[in-house]
Amino acid sequence: MISLFGEATDRLCKKLDEAAFYGEDVEMESLFSRLTLDIIGRAVFNYDFDSLTNDTGIVEVLFFLSILSYFLKTSLLFILH
């Protein structure tokens, strides 16, 4: 399990090193979300999203779905009361 965290963190560090080398700005919130997704994906689902190296938009989709889910739950609770 510790190697799982180490491997994902290494990928994050490589991405940060590359951005620093080229003087690029980075969105740390997005990178930490991607790191979290990669770790949870491997630990819970045995699936490698590899979102740190492949920008497929999965993090943004999951964020949108979580917001949508919250909105639907709160709306339903309001309607039922």
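See the structure printed just above.
The model shown is predicted, which means the values in this text are computed figures rather than measured ones. (Residues numbered from 1 in each chain as written. Predicted model: local features only at pLDDT ≥ 70, side-chain atom pairs only at ≥ 80, totals over all residues. Heavy atoms only, no water.)

Peer 1: How should the packing of aromatic side chains be read in this particular structure?
Peer 2: The description of an aromatic ring pair uses the distance of the two centres, along with the angle that the planes make with each other. Counted according to the given criterion, the structure contains 2 aromatic pairs. Taken together, a centroid distance of 5.0 Å and an interplanar angle of 85° make the contact between F21 and Y22 edge-to-face. On the accessibility criterion, F21 (66% relative accessible area) is exposed. Residue classification places Y22 among the exposed positions, given a relative accessible area of 56%. Ring geometry for Y47 versus F49: centroids 4.9 Å apart, planes at 80°, classification edge-to-face. Assessed through its relative accessible area of 27%, F49 is described here as partly exposed. (Phe/Tyr/Trp six-rings, centres within 6.5 Å; stacked < 30°, edge-to-face > 60°. Buried < 20%, exposed > 50% of the residue type's maximum accessible area, 1.4 Å probe, protein only.)

Peer 1: Is there a simple way to explain a negative patch on the surface in this structure?
Peer 2: Among the surface-exposed residues, E18, E24, D25, E27 and E29 lie close enough to one another that they form a single negatively charged patch. By the element assignment, E18 lies in helix α1 (residues 2-22). (Patch = residues over 30% accessible without salt bridge, like charges linked within 9 Å, V, L, I, M, F, W, Y side chains within 5 Å. Areas by Shrake-Rupley, 256 points an atom, 1.4 Å probe, with all protein chains shown as cover. Salt bridge = Lys/Arg side-chain N within 4 Å of Asp/Glu carboxyl O. Lys, Arg positive; Asp, Glu negative; His and termini not counted. Charge placed at Lys NZ, Arg CZ, Asp CG, Glu CD. Helix = DSSP H or I, 4+ residues; strand = E, 2+ residues; numbered from the N terminus.)

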